[in-house]
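One-letter residues, chain by chain:
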Amino acid sequence: MIDPVSPQYGGGALADVLPSVAGALSVPGETNVLDLPPASRYAVLLFDGLGWNLLQRYADAAPYLSSLAGRSLTAGVPSTTAVSLTSLGTGLPPGAHGIVGYTSIVPETGALLNALQWDAPVDPRRWQPHGTVFDRVMAAGVATRNVSKVRFEKSGLTAAAFRGSMHRGADTIEDRLDATRFASREGQSSLVYVYDSQLDYIGHQQGCDSAQWQKELAAADMFAQQVRSALPRDAVLIVVADHGMIDVAPENRVDLDEEPALTEGVSLIGGESRFRHLYCVPGAEADVLATYRARVGDKALVLTRAEAIARGWFGPTVEDRVSPRLGDVIVAALGPLALVASRRHAQEAGLIGLHGSLTPDEMEIPLLVDAGY
């Protein structure tokens, strides 16, 4: 079994990026713990699914990105988009901001919230009540913009993670570059966040070790160069990611909906196939824990909520409002394993590239810096 990667909250995690950028922009009260270069203009380009190990493995497909000075950071736990983007925007670990998975329970109703689709009637500003780094940067007089797809402007996740930034809807590469070019020149100081999802999409559909993924990495590399060219020469470009990815073969998938023993005592299945939140019928936790430990063996860590919290997976503390959102039993795959649920979560069951757990391939992400001239 692969040793889990501990999230490096406070000095080497994705949550530390925007507070460090704010410090580099001389925003009062912000600490530049990542030692980013001082500047009056910053752009943060996030490639969904660009793991550090994937970038090293396929460096030849990304000559520009591979040429940049950089280091690896860790994602938070679980290593998945909704959690990571909220950590990026708030500068907080999941135990504080409260988005704890792709799907997680709404304790007040027993419903399952998909944090990307925001498909439960939950107020995102109450679900995630903390101010964002964008709020603080904007209050300091920095022009703050979020360049991503048009449909994201009204999403619950945007409200939870990116409030304080003005949304610039841009669905094509040309639109994103135009929006970035304009936004990066606003005001006396600026922060522009640019999001690209294609690597993650191709990885899920075709696999992250596929020829199609490598082709998309080459396109991402070109886009990063174009973003750099769109910026003022004295602006700093930061390239990061929200998580990495691994491919899981069909024979390494366990279908929870096809093994009755794995759903006995389980009232709700959340998370995703590499990091499951299992919400138990009252009194069934011990039996569910034992059943899963016997079934997955050394391919996963199977922990109680309290055990996972004690490991610091979700941050140094987990707020009282957040704790009930975590599974009673948590299954974090460390070997070649995916816990799919073909009837309950049919779309997810067919994916090839996966993420969410604590392996190096999933947890380690790049921090790349192009300081211009």
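Reading the values: rules and limits
- Residues numbered from 1 in each chain as written.
- Predicted model: local features only at pLDDT ≥ 70, side-chain atom pairs only at ≥ 80, totals over all residues.
- Heavy atoms only, no water.
- Pairing = 2+ DSSP bridges.
- Helix = DSSP H or I, 4+ residues; strand = E, 2+ residues; numbered from the N terminus.
- Axes fitted to C-alpha atoms, helices over the stretch in contact; angles between N-to-C directions.
- 1 Å grid on protein atoms, 1.4 Å probe; cavity = no way out; pocket = protein on both sides within 12 Å on 5 of 7 lines; lining within 4 Å.
- Points joined across faces, edges and corners; volume = space filled by probe spheres on them.
- Salt bridge = Lys/Arg side-chain N within 4 Å of Asp/Glu carboxyl O.
- Buried < 20%, exposed > 50% of the residue type's maximum accessible area, 1.4 Å probe, protein only.
- Parallel < 35°, antiparallel > 145°, perpendicular 65-115°, else oblique.
- Left-handed = near helix turned anticlockwise from the far one by under 90°.
- Contact = heavy atoms within 4.5 Å.
- Core = buried A, V, L, I, M, F, W, Y, C linked by side-chain atoms within 4.5 Å.
- Phe/Tyr/Trp six-rings, centres within 6.5 Å; stacked < 30°, edge-to-face > 60°.
- Lys NZ or Arg CZ within 6 Å of the ring centre and 35° of its normal.
- Nonpolar A, V, L, I, M, F, W, Y, C, P; charged D, E, K, R; others polar.

Looking up the protein chain in an unreviewed UniProt entry gives the name Alkaline phosphatase family protein, with the organism given as Kribbella aluminosa.

Strand order in the open sheet formed by 4 strands is E11-E12-E14-E13, with antiparallel pairing between adjacent strands. Both outer strands of the open sheet, strand E11 (266-272) and strand E13 (300-304), are each paired with one neighbouring strand and no more. The sheet shows a mean angle of 20 degrees between the axes of neighbouring strands, direction not considered. Looking at chain direction, E13 and strand E14 (residues 329-333) are connected through 5 bridges and run antiparallel. Bridge pairing in E14 links Val 302 to Val 331.

Taken as a whole, the largest pocket encloses approximately 1000 Å³ of empty space. Along the walls of the largest pocket sit 39 residues, with Tyr 102, Leu 116, Gln 117, Asp 200 and His 204 positioned nearest its centre. Of all the secondary structure elements, the ones that give two or more residues to the lining of the largest pocket are helix H4 (81-90), strand E4 (111-114), strand E5 (143-148), helix H8 (156-161), strand E7 (190-196), helix H10 (198-206), E11 and helix H14 (346-349). Examining the composition of the lining of the largest pocket, we find that 5 residues originate from one element, H10, more than from any other.

For the rest of this paragraph, the subject is the pattern of salt bridges. Working definition: two side chains of opposite charge can pair if their charged atoms are close together. Applying the stated criterion to the full structure yields 16 salt bridges. Here Arg 145 ties to Glu 186 by a salt bridge, and the two come within 2.8 Å at their closest N and O atoms. Taken as a pair, Arg 145 in strand E5 and Glu 186 in the loop between helix H9 (173-183) and E7 lie far apart in primary sequence, 41 residues in all. We classify Arg 145 as buried; its relative accessible area is 12%. Across the salt bridge formed by Arg 168 and Glu 186, the nearest N and O atoms sit 3.2 Å from each other. One end of the pair, Arg 168, is in strand E6 (residues 166-169); the other, Glu 186, is in the loop between H9 and E7, with 18 residues separating them in the sequence.

Quick look at unusual backbone geometry now. For residues that are not glycine, phi is negative in most cases, and the peptide bond is trans in most cases. A cis geometry characterises the amide bond from Val 77 onward to Pro 78, with omega recorded as -5 degrees. Checked against the element boundaries, Pro 78 lands in the loop between strand E2 (69-74) and H4. For Ser 26, which is not glycine, the phi torsion reads 65 degrees and is therefore positive. With relative accessibility at 60%, the residue Ser 26 sits in the exposed group.

Further remarks concern the packing of H9 against helix H11 (residues 211-230). Pairs of packed helices are described in terms of their axes, by the angle between the two and the distance that separates them. Their axes nearest at 9 Å, the elements H9 and H11 cross at an angle of 30 degrees. Taken together, the axis directions place H9 and H11 in an arrangement best described as roughly parallel. The chirality of how H9 crosses H11 is right-handed. Residues Ile 173, Arg 176, Leu 177, Thr 180 and Arg 181 of H9 touch H11, and the partners they reach there are Phe 223, Gln 226, Val 227 and Ala 230.

On to the environment of Leu 45, then. Mapped onto the secondary structure, Leu 45 falls in strand E1 (residues 41-47). On the basis of relative accessible area, Leu 45 is assigned to the buried category, the value being 0%. Taking the C-alpha atoms as reference points, Leu 45 and Asp 196, separated by 151 residues in sequence, lie 7.8 Å from one another. Excluding anything up to four places from it in sequence, Leu 45 contacts Val 194, Phe 223, Ala 224, Val 227, Leu 237, Ile 238, Val 239 and Val 240.

If you look at soluble globular proteins, the nonpolar side chains tend to sit buried side by side. Among the nonpolar cores identified, the biggest contains 81 residues, and Tyr 42, Phe 47, Leu 65 and Leu 191 are the most heavily contacted of them. Counting 19 residues, the second-largest nonpolar core is a separate cluster that includes Ile 269, Leu 278, Leu 289 and Leu 339.

By the criterion of burial, H4 is predominantly enclosed, with 10 of the 10 residues buried. Three or more residues of H4 are buried, namely Thr 81, Ala 82, Val 83, Ser 84, Leu 85, Thr 86, Ser 87, Leu 88, Gly 89 and Thr 90. Positive backbone phi, at 75 degrees, marks Gly 91, one or two positions downstream of H4.

This structure, assessed with the given rule, holds 9 aromatic pairs. Geometrically, the ring pair formed by Phe 47 and Phe 223 is edge-to-face, given 6.4 Å between the ring centres and 75 degrees between the ring planes. Of this pair, Phe 47 sits in strand E1 while Phe 223 sits in helix H11, and the two are 176 residues apart along the sequence. Both residues of the pair, Phe 47 and Phe 223, belong to the buried class. Taking the centre distance of 6.0 Å and the plane angle of 65 degrees together, the rings of Phe 152 and Tyr 195 count as edge-to-face. Highlighted residues: Phe 152 in the loop between E5 and H8 and Tyr 195 in strand E7, separated in sequence by 43 residues. The buried category is assigned to Tyr 195, whose relative accessible area is 9%. Of the aromatic side chains, those joined through ring pairs into one cluster are Phe 134, Phe 162 and Tyr 193. Residue placement shows Arg 325 over the ring face of Trp 127; its charged tip is 3.5 Å from the ring centre.

Moving on, we come to the packing of H10 against H11. Where H10 contacts H11, the two axes come as close as 9 Å, and the packing angle between them is 175 degrees. The angle between H10 and H11 falls in the class roughly antiparallel. Residues Gln 198, Leu 199, Ile 202, Gly 203 and Gln 206 of H10 lie in contact with H11, whose contacting residues are Gln 212, Trp 213, Glu 216, Leu 217 and Ala 220. Across the contact of H10 with H11, the residue classes break down as 5 nonpolar, 4 polar and 1 charged.

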